[in-house]
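Residues per chain, in single letters:
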Amino acid sequence: MDPQVIEAATRLFAAMGYDATSLEQVADASGRTAEDLRREFGGKQELYLAVMERGFQAEQAAFAACLEQVSCDTQEGCVRGIHHLIDGYLDFAAEHPEVLALWLHRWLSDATDLTELERRYAEPLYSAALGILGPAQERGFIRADADLEYTWHTLMWMVHGFGQGGVPREHGNRSGFADPRSAQRFRLHLHRTIHRGLGLPGDYP
């Protein structure tokens, strides 16, 4: 697959969403023709899925690297591991704002004719996270009444909201990951929110 086409498609789908982006626009942005893209990808839907697949592969690789450093054999190690996952997801989001933008469009009812996106690209990551949190809860490291699924969704909602919307400032400005001070404040707030939501012992590390 032509990386120049994928990059152009990613920019446009992230900026305008799948529904508002035409194959002709992607062709113009990548210096190709729409017919070129149909021959290579099959159409807009296939090109969009290639973009989503690339984003998923990058996110999955980052998440897998975090999981390699997580162990819930002890309570202390589990607490450190959960916070390591939080940092890993935050770092990925800051480095890949286009992935957040693609999903934000999806959450706002973009590409509704593509019904398999969540199953393909979201559920594997949810399952991996719950594969860590579930056993930790069973061992008593996490509060028994903590809703693990909603805790993980809360983390994602907060990260996507901050990454895409930022925090309103004076004169209509908004600060997000590009503002180091705001990004650090958000990181601390997210750690505290998840730590307390899961009922983890002690202060957040």
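Residues numbered from 1 in each chain as written. Predicted model: local features only at pLDDT ≥ 70, side-chain atom pairs only at ≥ 80, totals over all residues. Heavy atoms only, no water.

## Side note on empty space enclosed by the protein
Then, in step 1: Evaluated as defined, the whole model comprises 4 cavities of 30 Å³ or more.
Then, in step 2: Roughly 60 Å³ of volume is contained in the largest cavity.
Then, in step 3: As for the largest cavity, its lining consists of Ile82, Leu85, Ile86, Leu133, Thr151, Trp152, Leu155, Ile194 and Leu198.
Then, in step 4: Elements represented by at least two residues in the lining of the largest cavity include exactly α5 (75-95), α8 (148-165) and α9 (180-198).
Then, in step 5: Residues that form the lining of the largest cavity fall into these classes: 8 nonpolar, 1 polar and no charged. (1 Å grid on protein atoms, 1.4 Å probe; cavity = no way out; pocket = protein on both sides within 12 Å on 5 of 7 lines; lining within 4 Å. Points joined across faces, edges and corners; volume = space filled by probe spheres on them. Helix = DSSP H or I, 4+ residues; strand = E, 2+ residues; numbered from the N terminus. Nonpolar A, V, L, I, M, F, W, Y, C, P; charged D, E, K, R; others polar.)

## Details of the pattern of salt bridges
Then, in step 1: One pass over the structure, following the stated rule, counts 13 salt bridges.
Then, in step 2: In this structure, Arg38 engages Glu35 in a salt bridge whose closest nitrogen and oxygen atoms are separated by 3.8 Å. Here the residue Arg38 and the residue Glu35 both occupy positions in helix α3 (residues 34-41), the gap between them amounting to 3 residues, near one helical turn.
Then, in step 3: Judged by relative accessible area, which is 41%, Glu35 ranks as partly exposed. (Salt bridge = Lys/Arg side-chain N within 4 Å of Asp/Glu carboxyl O. Buried < 20%, exposed > 50% of the residue type's maximum accessible area, 1.4 Å probe, protein only.)

## Observations concerning the nonpolar core
Then, in step 1: Ranked by internal contacts, the top residues of the largest apolar core, which has 64 residues, are Leu47, Ile142, Leu155, Val159, Leu190 and Leu198.
Then, in step 2: With residues near it in sequence (within four places) discarded, Leu155 still touches Ile86, Tyr89, Leu190 and Ile194. (Core = buried A, V, L, I, M, F, W, Y, C linked by side-chain atoms within 4.5 Å. Contact = heavy atoms within 4.5 Å.)

## Some details on α9
Count 3.6 residues to each turn of an α-helix, and residues three or four apart come out pointing the same way.
Then, in step 1: An ideal rise of 1.5 Å per residue puts 27 Å on 19 residues; α9 measures up with 27 Å between its terminal C-alpha atoms.
Then, in step 2: Listed as buried for α9 are Ser182, Ala183, Phe186, Leu190, His191, Ile194, His195 and Leu198.
Then, in step 3: Looking at the buried residues of α9, the elements they touch are α5, α7 (117-138), α8 and β2 (174-175).
Then, in step 4: Gly199 sits one or two positions beyond α9 and adopts a positive phi of about 70°. (Expected span 1.5 Å × (residues − 1).)

## Things to note about the side chain of Ser30
Then, in step 1: Mapping Ser30 onto the fold places it in helix α2 (residues 23-30).
Then, in step 2: Those residues in contact with Ser30 that sit more than four places away from it in its chain are Gln4, Val5 and Ala8.

## Section: the state of the cysteines
Then, in step 1: Inspection of the entire model under this criterion finds 1 disulfide.
Then, in step 2: Disulfide pairing places Cys72 opposite Cys78 at an S-S distance of 2.4 Å. Note on the Cys72 and Cys78 pair: the S-S dihedral is about 60°, so by sign convention the disulfide is right-handed. Here Cys72 and Cys78 have matching classes, each one buried.
Then, in step 3: Free cysteine: Cys66, not disulfide-bonded; nearest cysteine sulfur from Cys72 at 14 Å.
Then, in step 4: With a relative accessible area of 9%, Cys66 lands in the buried category. (Disulfide = S-S within 2.5 Å.)

## Things to note about the packing of aromatic side chains
Any pair of aromatic rings gets described here by the distance separating the centres and the angle formed by the planes.
Then, in step 1: Under the criterion given, the structure shown has 9 aromatic pairs.
Then, in step 2: Residues Phe56 and Tyr121 carry aromatic rings whose centres are separated by 5.5 Å and whose planes lie at 50° to one another, so their mutual orientation is tilted. Taken as a pair, Phe56 in helix α4 (residues 44-67) and Tyr121 in helix α7 lie far apart in primary sequence, 65 residues in all. The same class applies to Phe56 as to Tyr121, namely buried.
Then, in step 3: Seen from their ring centres, Phe162 and Phe186 are 4.3 Å apart, and the 5° between their planes marks the pair as stacked. Taken together, the residues Phe162 in helix α8 and Phe186 in helix α9 connect sequence positions 24 residues apart.
Then, in step 4: Classification of Phe162 as buried rests on a relative accessible area of 5%.
Then, in step 5: A relative accessible area of 10% places Phe186 in the buried class.
Then, in step 6: Site record: aromatic cluster; members linked through ring pairs are Phe13, Tyr18 and Tyr48. (Phe/Tyr/Trp six-rings, centres within 6.5 Å; stacked < 30°, edge-to-face > 60°.)

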